[in-house]
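Here's the letter readout for the chains.
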There are 4 protein chains.
Amino acid sequence: MKKEEVSHLSNWQQKIHEIIFGYETAGGKLFDVFLLIAILMSVMEVMLESVPEIDARFDYELKVVEWIFTFLFSLEYIARIISSPRPIQYIFSFMGIIDLLSLIPTYLGIFIDGTHALSVIRSIRLIRVFRILKLTHFMGGAQQLGSALWSSRHKIIVFLGTVLCLVVIIGTLMYMLEGGKNGFTSIPKSIYWSIVTITTVGYGDIAPATWMGQTLASALMIIGYAIIAVPTGIVTNEIIRGENVRNAAVCHNCGTRGLPSHSNYCLNCGSQIKFSDQK
Amino acid sequence: MKKEEVSHLSNWQQKIHEIIFGYETAGGKLFDVFLLIAILMSVMEVMLESVPEIDARFDYELKVVEWIFTFLFSLEYIARIISSPRPIQYIFSFMGIIDLLSLIPTYLGIFIDGTHALSVIRSIRLIRVFRILKLTHFMGGAQQLGSALWSSRHKIIVFLGTVLCLVVIIGTLMYMLEGGKNGFTSIPKSIYWSIVTITTVGYGDIAPATWMGQTLASALMIIGYAIIAVPTGIVTNEIIRGENVRNAAVCHNCGTRGLPSHSNYCLNCGSQIKFSDQK
Amino acid sequence: MKKEEVSHLSNWQQKIHEIIFGYETAGGKLFDVFLLIAILMSVMEVMLESVPEIDARFDYELKVVEWIFTFLFSLEYIARIISSPRPIQYIFSFMGIIDLLSLIPTYLGIFIDGTHALSVIRSIRLIRVFRILKLTHFMGGAQQLGSALWSSRHKIIVFLGTVLCLVVIIGTLMYMLEGGKNGFTSIPKSIYWSIVTITTVGYGDIAPATWMGQTLASALMIIGYAIIAVPTGIVTNEIIRGENVRNAAVCHNCGTRGLPSHSNYCLNCGSQIKFSDQK
Amino acid sequence: MKKEEVSHLSNWQQKIHEIIFGYETAGGKLFDVFLLIAILMSVMEVMLESVPEIDARFDYELKVVEWIFTFLFSLEYIARIISSPRPIQYIFSFMGIIDLLSLIPTYLGIFIDGTHALSVIRSIRLIRVFRILKLTHFMGGAQQLGSALWSSRHKIIVFLGTVLCLVVIIGTLMYMLEGGKNGFTSIPKSIYWSIVTITTVGYGDIAPATWMGQTLASALMIIGYAIIAVPTGIVTNEIIRGENVRNAAVCHNCGTRGLPSHSNYCLNCGSQIKFSDQK
C-alpha cells in the first residue's frame with residue numbers, strides 16, 4: 001500500500017496503519033509475529049476445547065484464554081477500521097469478513113447458550129494467517145503456484161468433470177453388480193465408494209465382495225492409478241511454462257515476448273534488450 | 001457444422017438445427033444451458049430413486065419427474081432426427097445411441113415389471129453432458145489431454161502390461177506365502193489384493209498376517225510407490241511436448257516444423273515466417 | 001536375428017526358426033498370436049485351479065487343459081532347441097529357463113503328490129508374454145522407459161535408501177510411542193506399518209490410537225505425500241531428457257551432440273547435418 | 001579431505017585416517033564395506049530383539065551380538081577420534097553425536113535396568129549408513145535431489161501451509177457435521193482424519209457415516225487427488241531446471257550463465273567457451 005494513499009490520515013492513524021498493515025518497520029514486523037502466534041494459539045484453544053477430557057478439566061482456563069484472545073482480536077479489528085484509509089472497503093473485504101466472523105461466536109455465547117457447535121467457527125481465524133504470509137516473500141511461491149493452477153484451470157475442469165462422470169457411471173454399475181449388498185446400498189453410496197477408490201484413499205468401510213465387483217473395482221483402481229498422472233502433467237507443464245515465461249526476456253522495441261533469457265539482442269528486430277526486462 | 005451442409009433443409013428445420021446443434025445463437029446457448037440442467041437433474045433423480053428411504057417416501061413424485069424428463073428427452077431426440085442434415089448418421093452415431101439408450105428403460109418399464117435394476121442405465125445420460133461441453137472452449141483442454149494420452153499410448157500400454165504381469169506374479173506368490181489364509185483364498189483374490197496394494201488404495205479387507213507376506217507386501221508397496229512415477233513422467237512429457245509443438249512455428253517454404261516460436265525467419269531456408277503460422 | 005546366423009541350419013530348421021523366433025513372415029505372426037493366447041489361457045487355468053469352488057467342480061477338466069498346454073509348450077520348447085542356431089545358449093538364457101521352469105511342475109505332479117502349491121509356479125509363464133511383445137513396436141516405449149529408469153537409478157536408489165531409513169526410524173519411534181499396543185507389537189511390525197503409511201496404502205489393520213502416535217503418523221503421511229513428488233520428478237526429468245536426446249541431431253564432422261532438431265548446420269563447425277542423423 | 005590437512009598427524013594415525021575416513025585405498029574400501037554390513041546387522045539385531053517370540057528364545061544370543069557390535073563400534077569411535085585431524089570438531093559434528101548416541105544405550109543397560117525402550121535408540125545407527133554413501137558416487141544424485149528440494153522450499157512451505165490450513169478447517173467442519181460420532185470425537189481427531197484422507201492414506205479407522213460427511217469427504221478426496229499434482233510439479237520443475245543449469249555453459253569473459261550446452265561461442269560477447277566450463 002503506497003504512502004500517498006494514507007496521507008489523508010492523521011499521524012497517529014498513519015502510525016497504527018504502518019504497524020498493522022505495513023511490514024517494513026520494526027513495529028510492523030513485531031506486530032505480525034505476535035498476531036501470527038496469537039492466531040495459532042487461539043485456534044489451538046478452539047481445538048483443545050473440543051477434546052472432551054481436556055474441556056472437562058480445563059473448562060474455566062480455556063474460557064479465560066478464549067476471552068483474552070477475543071478481546072485482543074476485537075481491539076485489532078477496531079484498530080484496522082480506524083487506521084484503514086477506506087474503512088468500508090476493508091469491512092466488506094474477504095479478510096474483513098473473516099476477521100468479524102471469527103469474533104462473533106464468543107460474543108454470541110454470552111446471550112445464547114449451547115453455541116458450542118457454533119464456537120468452532122472461530123477456527124476460520126486460521127485463514128487470517130494468509131494475510132500475514134501475504135506480506136512475506138513466501139507469496140512469490142504462492143503466486144507462481146496460483147497462476148500455474150489458474151492457467152491450467154480449463155484442463156483441470158475437464159479432468160475433474162471426466163472423473164466425476166466416471167465415478168457416477170462406475171458407481172451405478174457397482175450398485176447393479178453388488179445388488180445393494182456389501183455396503184453398496186444406493187447409487188450415492190456407490191459413488192462415494194468410487195471416489196474413495198479412484199482417489200486411492202480406500203477406507204475399506206465399503207468394499208466389493210463379489211468377483212464381478214472386485215474385477216470392476218480393479219479396473220477402476222488401475223484407471224485411477226493411470227489418470228492421477230494427468231493433473232500432475234498439467235500442473236507440472238504449467239509450472240515449467242510459467243518458469244520459462246518469467247525467465248524470458250521481452251523486447252520493448254518490437255514487443256516480442258519469450259526471448260531466451262540472457263540474450264543481448266532481440267532475435268526479431270535486433271534492438272538491444274535492457275536488463276530491466278530480464279528476471 | 002458449416003452452413004452449406006444444412007442448406008438443403010427447410011427454414012424451420014434450419015431454425016431447430018441452429019438451436020439444438022448450434023451454440024452461436026442466443027437460442028442455441030439457452031437450449032444448451034437448459035439441456036445441461038435437465039440432464040443433471042434427471043441423473044440426480046435416478047440416484048435418489050436408488051436410495052431406499054427416499055424411494056419409499058417419494059416413489060410417486062420420482063416417477064412423475066422421471067416421466068417428465070423422459071418426455072422432454074424424447075422430444076429432443078425426435079427434434080434432433082428431423083433437424084439433422086443426415087438423420088441416419090446421427091441415429092447410429094455414438095451420441096445418438098446414448099440418447100436412445102437413456103430413453104428405453106422408462107418406456108420398457110410400462111410393459112415389463114421389475115426393471116428397476118435396468119432403470120439405473122438412465123444415468124448414462126451423463127455422457128451427454130460431454131456433447132454440450134464439446135461446444136465450449138473447454139474442449140481445447142480436453143483435446144490437448146486426449147492427444148497427450150494418445151501419443152503416449154504405447155508407453156502406457158507397456159506400463160500397464162508390466163503392472164498386470166507384476167500383480168499376477170506377486171498375487172500368486174502371496175497365495176503361496178499366506179497359504180490361502182487371511183483372505184488370500186485363491187490366486188484371483190490375491191491378484192485383487194495386489195492391485196489394491198500396488199495402486200495404494202489399500203482397503204484392508206485383505207491384508208497379510210505372516211511376516212513373509214508382510215515383507216513381500218512392503219516390497220510391492222515400495223515398487224508401486226516408485227513406479228507411480230512412470231505414467232506421470234510419460235504423460236507430463238507428452239503434455240510438455242504437445243505444448244511445444246503447438247507453440248512451434250512452421251515454415252511454409254521448406255516445410256520445416258518445430259521452429260522456435262517467435263522466430264522471424266526459418267532457420268533452414270531463411271524464408272520469413274508468417275504470423276499466421278504461429279499460435 | 002540376422003539371416004547369416006541361421007545359414008548353417010538345414011532348410012526345415014530354418015523354416016521352424018522363422019516361425020518360432022521370427023515375426024516378419026505370416027507364419028511367424030500367426031505363431032506369436034497363438035502362443036500369446038495359449039500363454040494367457042494356461043495362466044488363466046492356473047488361476048481357476050486355485051479357486052476352491054471351481055477346482056472342486058471342474059477338477060478333471062482343468063487337469064486335462066493343464067496337460068494339453070503342458071504338451072503344447074513342451075513341443076514348443078523342443079522346437080526352440082532344435083531350431084535355435086545356438087541351442088545351449090538358448091537353454092541357459094533367461095527366457096529358456098523360464099520356458100523350462102513353467103513345464104516342470106506338471107511333470108513333477110506325476111511322481112510326487114501334493115505339489116499343488118508348486119503348480120502355481122506355472123503362472124511365471126506370463127513372463128513369456130514379454131518375449132512376444134519384444135517383437136513388436138511396443139518395445140520402443142519399453143526401451144524408452146527402461147533407459148529413463150536406468151539413467152535415473154542413482155537418484156532412485158538414494159531416494160529409496162532415504163525412504164527405508166525413514167521408515168525404520170519412524171517405525172522404531174512408533175513402537176516406543178504406542179508401547180507395543182494397537183498392533184505395534186514389534187519394530188518390524190511398526191516398520192511394516194510405516195511402509196503401509198508412507199506409500200499411502202493405509203490398510204488400517206494397524207493404526208495408531210494414542211494422540212502422540214497419531215501426530216507422528218500425520219507427520220509421516222505429510223512427508224510421504226510430499227516426497228512422492230521426488231521419484232516422479234526424477235523419472236519425468238529423465239523421460240524428457242531422453243526425448244530431447246533422441247530428437248537431437250548429431251554433427252558427424254565435429255561430433256557435437258544435442259544439436260536442436262531440424263537444424264541444418266552444426267552450430268559448432270558449420271558443417272551440414274545429414275537428415276539421417278535426425279530422428 | 002586433503003592430504004595437507006592430515007600432514008601434522010603421525011604416520012600410523014594417517015594410516016588409520018586413510019582407512020576410516022578415506023575411500024580411495026583398498027583398505028578404506030574394505031573398511032566401508034565391513035562397516036556397512038556391521039551397521040545393518042546391528043540394526044537388524046535391534047529389530048529382532050523387539051520381536052517378543054524371538055527375544056524370548058534367543059535373548060542370550062542377541063545380548064552377545066549386541067555387545068560384540070557395541071564393542072566394535074566403540075573401537076571405531078575411539079579410532080575416529082584419535083585419527084581425526086580435528087578430534088573436537090568430529091565429536092561435536094552431527095555424525096559424531098550419532099556415533100556416540102548409538103553406543104550409550106548398551107552401556108547404560110549395565111547400570112540401569114529396564115532400558116529396553118531406550119535400547120531401540122540404537123537403530124539410529126542406520127543414519128551412519130549415509131556417511132558411507134557420502135563417500136560414493138551416489139552422493140551426486142543425493143545432492144541434485146537436495147538442491148532441487150532446497151530451491152523449491154518456498155513453494156513447498158506455501159503448499160504444506162495451505163494443506164495444513166485446509167485439513168484444520170475441513171476437520172472442524174467434519175466435527176460439526178458428524179456431531180462427534182463415528183470416531184470424529186474431537187477436532188484434533190477430525191484433523192487427523194482429514195490428513196489421513198487428503199494424503200489418500202485412508203486407514204478407515206475413522207470414516208464418515210452421514211451423507212453430509214461423506215459428501216464433504218468426497219470433496220476433500222478430489223481436492224487431495226488434484227493438489228497432489230502441485231508438489232510433484234514443483235519438484236519436477238526444480239529437477240529439470242537444475243539439470244539445465246548443470247548442463248549449461250558459462251562465459252568466463254562476460255560471465256553470462258545458462259548458455260545452451262555445446263555452444264562454442266558466448267551469444268553475448270562472442271568470446272569462445274572453454275570446454276572446461278561445460279559439464
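Residues numbered from 1 in each chain as written. Chains lettered and ligands numbered in written order. Predicted model: local features only at pLDDT ≥ 70, side-chain atom pairs only at ≥ 80, totals over all residues. Heavy atoms only, no water.

Chain A goes by Ion transporter in an unreviewed UniProt entry, where it is assigned to Reichenbachiella ulvae. According to UniProt, the comment filed for chain A under the heading Subcellular location (unreviewed entry) is "Membrane". (UniProt positions renumbered as here; feature names shortened; annotations may be inferred.)

Glancing now at the overall build of chain A. For chain A, the count of helices and strands is 14 helices and 0 strands. Listing each helix as α and each strand as β along chain A from the N terminus yields α-α-α-α-α-α-α-α-α-α-α-α-α-α. Evaluated residue by residue, chain A yields a buried proportion of 47% over its 279 residues. Restricting the contact set of chain A to residue pairs at least 6 apart, pairs at least 24 apart contribute 53%. Within the structure as shown, chain A displays about 13,400 Å² of accessible surface, and the carbon and sulfur contribution to it stands at 71%. (Helix = DSSP H or I, 4+ residues; strand = E, 2+ residues; numbered from the N terminus. Buried < 20%, exposed > 50% of the residue type's maximum accessible area, 1.4 Å probe, protein only. Contact = heavy atoms within 4.5 Å. Areas by Shrake-Rupley, 256 points an atom, 1.4 Å probe, with all protein chains shown as cover.)

All names here are of chain A. In the numbering used here, UniProt assigns the feature "transmembrane region" (unreviewed entry) to residues 64–82, 88–112, 156–178, 190–211 and 217–236. Counting secondary structure, residues 88–112 comes out at 80% helix and 0% strand; the distance between its end C-alpha atoms is 29 Å. End C-alpha to end C-alpha, residues 190–211 measures 16 Å, and it is 45% helix and 0% strand.

Turning our eyes to something else, we now look at unusual backbone geometry. Phi at Thr 200 of chain A takes a positive value of approximately 60°, unusual for a residue other than glycine. Inspection of the secondary structure puts Thr 200 of chain A in the loop between α12 (187–198) and α13 (211–227).

This part covers the packing of aromatic side chains. Residues and elements named next belong to chain A. Counted according to the given criterion, the structure contains 16 aromatic pairs over all chains. Judged by centre distance (5.2 Å) and plane angle (70°), the ring pair of Phe 184 and Trp 193 falls under edge-to-face. In this pair, the class of Phe 184 matches that of Trp 193, namely buried. (Phe/Tyr/Trp six-rings, centres within 6.5 Å; stacked < 30°, edge-to-face > 60°.)

For the rest of this paragraph, the subject is the relation of the copies chain A and chain C. Note on the chain copies: they are related by a rotation about an axis and a translation along it. Least-squares fitting of chain A to chain C yields an RMSD of 0.1 Å, with the transformation described by 0.0 Å of translation along the axis and a rotation of 180°. Between the two chains, the operation in question is that of a two-fold axis. Taken as a fraction of all interface residues of chain A, those also at the interface in chain C reach 100%, which identifies the copy contact as same-surface. (Least-squares fit on C-alpha atoms with pLDDT ≥ 70 in both.)

Turning next to the relation of the copies chain B and chain C. When chain B is fitted to chain C, the residual RMSD is 0.1 Å, and the transformation amounts to a turn of 90° plus an axial shift of 0.0 Å. As the rotation angle and translation indicate, the two copies are arranged about a four-fold axis. Little of the interface of chain B is mirrored in chain C, where only 16% of its interface residues again form contacts.

A few words now on the side chain of Gln 13 of chain B. All names here are of chain B. Structurally, the position occupied by Gln 13 is in helix α2 (residues 11–20). Of the residues examined, Gln 13 reaches a relative accessible area of 17% and is grouped as buried. Apart from residues lying up to four places away in sequence, Gln 13 is in contact with Ile 82 and Ser 83.

What follows is about the confidence of the model for chain A. Residue and element names in this part refer to chain A. In this model, chain A carries an average pLDDT of 79, and 79% of its residues clear a pLDDT of 70 or more. Model confidence for chain A, summarised as mean pLDDT per element, is weakest for helix α1 (residues 3–6) at 56 and strongest for α12 at 92. Segment residues 275–279 is flagged for pLDDT under 50; beyond a separation of four residues in sequence, or across chains, it makes 11 contacts in the model. Predicted complex, confidence summary: ipTM 0.80, pTM 0.83. (pLDDT = per-residue confidence, 0-100.)

With 49 residues of chain B in contact, the opposing surface of chain C contributes 47 residues. Summed over both sides, the interface between chain B and chain C buries roughly 4,100 Å², with carbon and sulfur atoms accounting for 74% of that surface. Linking chain B to chain C there are 0 salt bridges. On inspection of chain B and its partner chain C, the count reaches 5 residue pairs in polar contact (both at pLDDT 80 or more). Of all the secondary-structure elements, those providing two or more residues to the side of chain B that touches chain C are α11 (153–178), α12 (187–198), α13 (211–227) and α14 (229–247) of chain B. Considering every element that reaches the side of chain B that touches chain C, the biggest residue donor is α11 of chain B, with 11 residues. (Buried area = accessible area lost by both parts, 1.4 Å probe. Salt bridge = Lys/Arg side-chain N within 4 Å of Asp/Glu carboxyl O. Polar contact = N/O pair within 3.5 Å; in protein donor to acceptor, adjacent residues only side chain to side chain.)

Before going further, it helps to spend a moment on the pattern of salt bridges. Residues and elements named next belong to chain A. As enumerated under the stated definition, the model contains 36 salt bridges over all chains in all. Here Glu 76 makes a salt bridge to Arg 128, at a shortest N to O gap of 2.6 Å. Taken together, the positions of Glu 76 in helix α4 (residues 52–83) and Arg 128 in helix α9 (residues 128–134) put the pair 52 residues apart, joining distant regions of the chain. Accessibility expressed as a relative area gives 2% for Arg 128, which makes it buried. Close ionic contact of Arg 128 with Asp 99 constitutes a salt bridge, the shortest N to O distance being 2.6 Å. Taken together, the residues Arg 128 in helix α9 and Asp 99 in helix α6 (residues 94–101) connect sequence positions 29 residues apart. In this structure, Arg 128 and Asp 99 share a single accessibility class: buried.

Residues and elements named next belong to chain C. Relative to the helices and strands, Pro 208 is located in the loop between α12 (187–198) and α13 (211–227). Residue classification places Pro 208 among the buried positions, given a relative accessible area of 2%. C-alpha separation for the pair Pro 208 and Met 221, spaced 13 residues apart in sequence, amounts to 13 Å.

As far as domains go, chain A holds domain 1 (3–134) and domain 2 (153–246). In this structure, domain 1 of chain A and domain 2 of chain A have C-alpha centres spaced 40 Å apart. (Domains from an automatic or database assignment.)

Our focus in this paragraph is the environment of Ser 50 of chain B. Mapped onto the fold, Ser 50 of chain B is located in helix α3 (residues 26–50). Measuring from C-alpha to C-alpha, the distance between Ser 50 of chain B and Ser 119 of chain B comes to 9.7 Å, with 69 residues separating the pair along the chain. Not counting residues up to four positions away in its chain, the partners in contact with Ser 50 of chain B are Tyr 175, Thr 185, Ser 186, Ile 187 and Pro 188 of chain A. Of note is the side chain of Ser 50 of chain B, whose polar atom sits 2.6 Å from the backbone oxygen of Met 47 of chain B.

Now for the interface of chain A and chain C. At the junction of the two partners, chain A supplies 4 residues and chain C supplies 4 residues. Between chain A and chain C, roughly 190 Å² of surface is buried when both sides are summed, and carbon and sulfur atoms account for 39% of that area. The tally of links from chain A across to chain C stands at 0 salt bridges. Scanning the region where chain A abuts chain C turns up 0 residue pairs in polar contact (both at pLDDT 80 or more). Considered class by class, the residues forming the side of chain A that touches chain C number 1 nonpolar, 3 polar and no charged. (Nonpolar A, V, L, I, M, F, W, Y, C, P; charged D, E, K, R; others polar.)

Before going further, it helps to examine the packing of helix α3 (residues 26–50) of chain A against helix α12 (residues 187–198) of chain D. One way to put it is that α3 of chain A packs onto α12 of chain D with a least axis distance of 7 Å and a crossing angle of 105°. Considered as vectors, α3 of chain A and α12 of chain D are oriented roughly perpendicular to each other. Packed against α3 of chain A, whose contacting residues are Val 46, Met 47 and Ser 50 of chain A, the element α12 of chain D presents Ile 187, Pro 188 and Ile 191 of chain D at the interface. (Axes fitted to C-alpha atoms, helices over the stretch in contact; angles between N-to-C directions. Parallel < 35°, antiparallel > 145°, perpendicular 65-115°, else oblique.)

Trp 193 of chain A, Trp 193 of chain B, Trp 193 of chain C together with Trp 193 of chain D are the most contacted members of the largest nonpolar core, which has 205 residues in total. Among the elements that take part in this core, helix α11 (residues 153–177) of chain C stands out by supplying 10 residues, more than any other. When sequence neighbours within four positions are dropped, the list of residues in contact with Trp 193 of chain A reads Ile 170, Met 174, Phe 184, Ile 206, Ala 207, Pro 208, Ala 217 and Leu 220 of chain A together with Tyr 203 of chain B. (Core = buried A, V, L, I, M, F, W, Y, C linked by side-chain atoms within 4.5 Å.)

The next point concerns a nonpolar patch on the surface. On the surface, Tyr 60, Val 64, Ile 68, Phe 71, Leu 72 and Leu 75 of chain A cluster together to form a nonpolar patch covering roughly 610 Å² of accessible area. The class of Val 64 of chain A is partly exposed, set by a relative accessible area of 32%. (Patch = residues over 30% accessible without salt bridge, like charges linked within 9 Å, V, L, I, M, F, W, Y side chains within 5 Å.)

So, about the environment of Ser 42 of chain A. Tracing the chain through its elements places Ser 42 of chain A in helix α3. Aside from chain neighbours lying at most four places away, what touches Ser 42 of chain A is Phe 69, Phe 73 and Arg 125 of chain A.

Moving on: the packing of helix α2 (residues 11–20) of chain A against α4 of chain A. Residue and element names in this part refer to chain A. Axis separation between α2 and α4 bottoms out at 9 Å; the angle between their running directions is 125°. On the basis of their axis angle, the class for α2 and α4 is oblique. For α2 against α4, the interelement crossing comes out left-handed. Contacts between α2 and α4 pair Trp 12, Gln 13, Ile 16, His 17 and Ile 20 from the former with Glu 76, Ala 79, Arg 80, Ile 82 and Ser 83 from the latter. In terms of residue class, the contact of α2 with α4 is made up of 5 nonpolar, 3 polar and 2 charged. (Left-handed = near helix turned anticlockwise from the far one by under 90°.)

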